[in-house]
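# Descriptive analysis of the structure
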Amino acid sequence: MASGRVDLDGNPIKPMTICMIGAGGFIGSHLCEKLMAETPHKVFAVDVYNDKIKHLLEPSSLQWADRIQFHRLNIKNDSRLEGLIRMADLVIFFALICLVSAFWLVSVEIGFGLSSLASGSGFCGSFESFSLLLSSSKTINLAAICTPADYNTRPLDTIYSNFIDALPVVKYCSENGKRLIHFSTCEIYGKTIGSFLPKDSPLRQDPEYYVLKEDASPCIFGPIEKQRWSYACAKQLIERLIYAEGAENGLEFTIVRPFNWIGPRMDFIPGIDGPSEGVPRVLACFSNNLLRREPLKLVDGGESQRTFIYIKDAIEAVLLMIENPARANGHIFNVGNPNNEVTVRQLAEMMTQVYTKVSGEPSLDSPTIDISSKEFYGEGYDDSDKRIPDMTIINKQLGWNPKTSLWDLLESTLTYQHRTYAEAIKNAISNPTAS
Ligand code: NAD
Ligand code: UDP
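Residues numbered from 1 in each chain as written. Chains lettered and ligands numbered in written order. Predicted model: local features only at pLDDT ≥ 70, side-chain atom pairs only at ≥ 80, totals over all residues. Heavy atoms only, no water.

In the annotation of an unreviewed UniProt entry, the entry for the protein chain reads NAD-dependent epimerase/dehydratase domain-containing protein, and the organism field reads Rehmannia glutinosa.

### Quick notes on the overall build of the protein chain
For the record, the criterion: A helix here means a DSSP run of H or I that spans at least four residues, while a strand means a run of E at least two residues long, and both kinds are numbered starting from the N terminus. The cut-offs for exposure are 20% and 50% of the maximum accessible area for each residue type, with area from a 1.4 Å probe on protein chains only; residues under the lower value are buried, those over the upper are exposed, and the others partly exposed. By the convention used here, residues are in contact when the closest approach between their heavy atoms is within 4.5 Å. Each accessible area is a Shrake-Rupley estimate made with a 1.4 Å probe; only the visible protein chains count as cover when residues are assessed.
From N to C terminus, the protein chain includes 16 helices and 15 strands. Relative to its 435 residues, the protein chain shows a buried fraction of 54%. Taking contacts inside the protein chain between residues at least 6 apart in sequence as the whole, the part at least 24 apart equals 79%. Carbon and sulfur atoms make up 55% of the accessible area of the protein chain, which totals about 19,300 Å².

### Some words on the nonpolar core
Here is the rule we go by: Put simply, a nonpolar core is a bunch of buried Ala, Val, Leu, Ile, Met, Phe, Trp, Tyr and Cys residues held in one set by side-chain atoms that sit within 4.5 Å of each other.
By size, the foremost hydrophobic cluster in this structure holds 71 residues, and its most contacted members are L35, W261, F286, M321, V335, I394 and L410. With eight residues, the single largest contributor to this core is helix α11 (residues 311-323). Leave out the neighbours within four places in its chain, and F286 touches L296, K297, L298, V344, L347, A348 and M351. The next biggest cluster of nonpolar side chains, apart from the first, holds 20 residues, and it includes C19, V170, I242 and I255.

### Examining the site of ligand 2
Here is the rule we go by: The nearness test applies per residue and asks whether one of its heavy atoms lies within 4 Å of the molecule or strand. Definition of a polar contact: a pair of N or O atoms within 3.5 Å, with one able to donate and the other able to accept a hydrogen when the atoms are protein atoms, and with sequence-neighbouring residues admitted only if both atoms are side-chain atoms.
Taken together, 19 residues surround ligand 2, and among them K297, R306, Y381, D383 and R387 come closest. Within the side chain of E187, a nitrogen or oxygen atom sits 3.4 Å from an oxygen atom of ligand 2. Within the side chain of R387, one N or O atom sits 2.8 Å away from an oxygen atom of ligand 2. Alone, ligand 2 offers 530 Å² of accessible surface; in the complex the protein occludes 96% of this. For the shell around ligand 2, the elements supplying multiple residues, two or more each, are α10 (282-291), β9 (296-299) and α14 (373-377).

### Section: the packing of aromatic side chains
The geometry of an aromatic ring pair is captured by the separation of the ring centres together with the interplanar angle, meaning the angle of the planes. Stated precisely, the cut-off is as follows: Centres within 6.5 Å make a pair out of two Phe, Tyr or Trp rings, where for Trp the six-membered ring is used; the pair is then stacked when the planes are under 30 degrees apart, edge-to-face when over 60, and tilted otherwise. The rule is short: NZ of Lys or CZ of Arg within 6 Å of the ring centre and within 35 degrees of the ring normal puts a charge over the ring.
The full count for this structure, using the stated rule, is seven aromatic pairs. Seen from their ring centres, Y189 and F259 are 6.1 Å apart, and the 45° between their planes marks the pair as tilted. Pair noted here: Y189 is in the loop between β5 (179-183) and β6 (211-212) and F259 is in the loop between β7 (253-258) and β8 (261-262), with a separation of 70 residues, a long-range link. Comparing Y189 with F259 shows no difference in burial state: the two are buried. With 5.7 Å between their ring centres and 10° between their planes, F221 and W229 make a pair best called stacked. For F221, a relative accessible area of 22% translates into the label partly exposed. Through successive ring pairs, a cluster of aromatic residues spans F376, Y377 and Y381. Lying over the aromatic face of W229, R228 brings its terminal NZ or CZ to 5.7 Å of the ring centre. Note that K386 overlies the ring of Y210, its terminal NZ or CZ placed 4.5 Å from the centroid.

### Considering the site of ligand 1
Taken together, 27 residues surround ligand 1, and among them F26, D47, N74, Y231 and W261 come closest. Here K235 contributes a side-chain N or O atom positioned 2.8 Å from an oxygen atom of ligand 1. At 2.9 Å from an oxygen atom of ligand 1 is found a side-chain nitrogen or oxygen belonging to R281. In isolation ligand 1 has 830 Å² of accessible area, and contact with the protein removes 93% of it.

### Examining the environment of E33
Topologically, E33 is positioned in helix α1 (residues 26-38). Judged by relative accessible area, which is 22%, E33 ranks as partly exposed. Sequence separation between E33 and H55 is 22 residues; the distance between their C-alpha atoms is 9.2 Å. Those residues in contact with E33, other than ones at most four positions away along the chain, are H55, L56, R265 and K312.

Structure below.
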């Protein structure tokens, strides 16, 4: 499995220890899976939750059991962590309760988190294990609030989570000579230049006006009262800070800009493994509608365009970055699939067709319904019009290309959604007071 691995230049890859912050989330869980199954690397998996990586942690007889350790901690505020960091003079933490997306989960998890911190179980709270964490050779930061429904309704949490909370991680890496792979977002580009042209302008068809290039495209956000952009703005500032740490202090970094990575375990299904009033990203929203046999809600007509990439393709790119530092350091990479572009309306139509196939249930007579962004997301919502990644840099540096078509990725993802949730949804609908 691990032996004989070589990098893109034919050099043997040495086993490394990776501190992955946000490892319990959607992307983190897939990356942990890949690292355990296909590499000899060790992972310190840091998160407040571990539900999505439980299958990698238990039972202890798993072949990689000695290569993954879960550390239940909130990077905002862990007093012992803060004490340790102060002693080591490495990182600064802020004393704030973590507000991750699901309130009802938070109340359960905070109780568990605090008791496990107190007892030293779950979280490896000892001095020893934390020093291990600090001495790991590489840091991957995935922790963030990253659902659009939060950007305009919880702008403060969004800015703190995506900028302030990431500051100590960057500082720590810079001061200690640790390499950092930081997850930013394609949203950093904001709106396309083309969106400001008249609707009938032929230039709108010119890729120069819409393809998003890491080293050339501007970042175009709406006015401050459109708080949707609080996320993009916070992510932009942390990117600039990381870049400056590289330029002035020699930080070895790679910045990843994901373009709508989707697949199994993304977000939550409201009322099943997340709050019933919660609004996840579009894949989970539409999956929830399909599972409940409700029309899919198209925000402002579903005219926005997105390119969707299968999580497993995207994880291949991240592994190349991890194992090819000489090619990845100092770069910002778009990671997306330019061939999978659809409007949100087309996505809804395709998901409806695919779900009919995988579930065997006929679609509704009216499978979609229009809704205003104000009604769906509240005041201050705005949207990215179109997101096509330029692939020149990642192609040149890592020789990577995405493989999976939108239909195929939806088929495997909706098969997973149906298998995982259909029964639970039926039970919740037939017994609404129990959920
Ligand atoms: P996710 O919400 O599934 O994962 C984020 C994880 O970070 C969660 O498990 C959460 O518990 C953890 N976290 C948040 N705050 C924390 C804290 N204070 N302490 C410890 N852990 C904390 O999101 P994801 O889709 O896996 O995204 C990962 C990263 O990629 C984020 O930075 C996000 O902005 C970026 N991103 C993802 C996409 C995508 O397509 N999925 C698109 C653009 C950007
Ligand atoms: N959207 C929608 N219906 C939903 C959820 C989302 O029409 O039930 C739209 C949303 O307005 C946006 C697109 O789908 O135009 C993608 O939304 P997502 O939450 O996945 O994140 P984004 O790509 O905007 O970061």
